[in-house]
Amino acid sequence: MQVDKLKEPFAFQRILLTVDADDPNSSTRAFRYAATMAHDYQVELCIVSVLEDDDVSIFDVMTPGKVDKKEDEVRQAVSDYMEIAEELGVEHLTGLTVGASDVDDVILEKVIPRFKPDLIVCGSDTEDSKHKVPGAVGLRIAKRAQVSVIVVR
């Protein structure tokens, strides 16, 4: 055992928070945790939300403005979280939204390489969300990510 290593402080520098625009229950606690960490340790926080494939039907695609409206809702959710984070004193803040796609693939293949977090914070999808298995997105990210992941319940 490396005793000297155990005595060194360990803090993350770049936190990526994933929020689900249509499941605020799962995002609330994850946001509170990530915003607290970012504020207390004065580290960078990136808030990201993805318009999920399941949220866009073929009928939505064929209806003018329907997909745009859903994308606007996702952007607004990220904007709302960013505003609250600023009010809480988070100084280093970035917001990202991504159009319709598979959430965990987008986070892993596009967002992580772009933002380069050393910690990902996810909410655990609640029973009333549209996901078939509560917590599925956070678990898939935790399983495949090359950085630390915290799934907040």
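Below: a short report on this structure. What you are looking at is a predicted structure, and each value in this text was computed from that prediction instead of being measured.

### What about helix α5 (residues 103-115)?
The end-to-end C-alpha separation of α5 is 16 Å, well short of the 18 Å expected for 13 residues at 1.5 Å each. Its axis deflected by about 25° at E109, α5 carries its strongest bend there, up to four residues before the proline P113. Along α5, the residues classified as buried are V103, D104, V106, I107, L108, V111, I112 and F115. In the segment just after α5, K116 is the residue with positive phi, at about 55°.

### Description of the nonpolar core
Counting 21 residues, the largest nonpolar core has I15, L17, F31, L45, I47, V90 and V121 as the members making the most contacts within it. Put simply, the parts of the chain that give this core at least two residues each are β1 (14-18), α2 (24-41), β2 (44-52), α4 (66-87) and β4 (119-123). A total of 6 residues in this core trace back to one element, the largest contributor, which is α2. When residues no more than four places from it in sequence are discounted, the contact partners of L17 are A30, F31, A34, L45, C46, I47, V48 and V121. By size, the runner-up hydrophobic cluster in this structure holds 17 residues, among which are C46, I112, F115 and A145.

### Observations concerning empty space enclosed by the protein
This structure, assessed with the given rule, holds 2 cavities of 30 Å³ or more. Taken as a whole, the largest cavity encloses approximately 160 Å³ of empty space. In terms of lining residues, the largest cavity is bounded by 17 residues, among which T18, V19, D20, V103 and V137 are the most central. Every element with two or more residues in the lining of the largest cavity is listed here: α2, β2, α5, β4 and α6 (136-144). With 4 residues, the single largest contributor to the lining of the largest cavity is β2. When its residues are assigned to classes, the lining of the largest cavity shows 7 nonpolar, 7 polar and 3 charged.

Criteria and thresholds
- Residue numbers run consecutively from 1 along every chain, following the written order of its sequence.
- Since the coordinates come from a predicted model, pLDDT governs what is reported: local features require at least 70, and pairs of side-chain atoms require 80 or more to be given and counted, while whole-chain, interface and lining totals use all residues.
- To obtain the side-chain values, all non-hydrogen atoms of the structure were included, while hydrogens and water were left out.
- Starting at the N terminus, helices and strands are each numbered in turn, a helix being any DSSP run of H or I of at least four residues and a strand any DSSP run of E of at least two.
- Multiplying one less than the number of residues by 1.5 Å gives the expected span of a helix.
- Note on bend: at a given residue it equals the angle between the axes fitted to the 7 residues ending there and to the 7 starting there.
- The rule is simple: take the accessible area with a 1.4 Å probe, protein chains only, and divide by the maximum for that residue type; under 20% is buried, over 50% is exposed, in between is partly exposed.
- Throughout this description, the term nonpolar core refers to a set of buried Ala, Val, Leu, Ile, Met, Phe, Trp, Tyr and Cys residues connected via side-chain atoms within 4.5 Å.
- In what follows, residue pairs with any heavy atoms lying within 4.5 Å of each other are defined as contacts.
- Note on definitions: the grid is 1 Å and covers protein atoms alone; a cavity is a set of points where a 1.4 Å probe fits but cannot get out; a pocket is an open set with protein on both sides within 12 Å along at least five of seven lines; lining residues have an atom within 4 Å of a point.
- Grid points are joined across faces, edges and corners, and a volume is the space filled by probe spheres set on the points.
- Only Asp, Glu, Lys and Arg are considered charged, only Ala, Val, Leu, Ile, Met, Phe, Trp, Tyr, Cys and Pro nonpolar, and every remaining residue, Gly among them, polar.

Interpretation note: all reported values are geometric properties and have no functional meaning in isolation.
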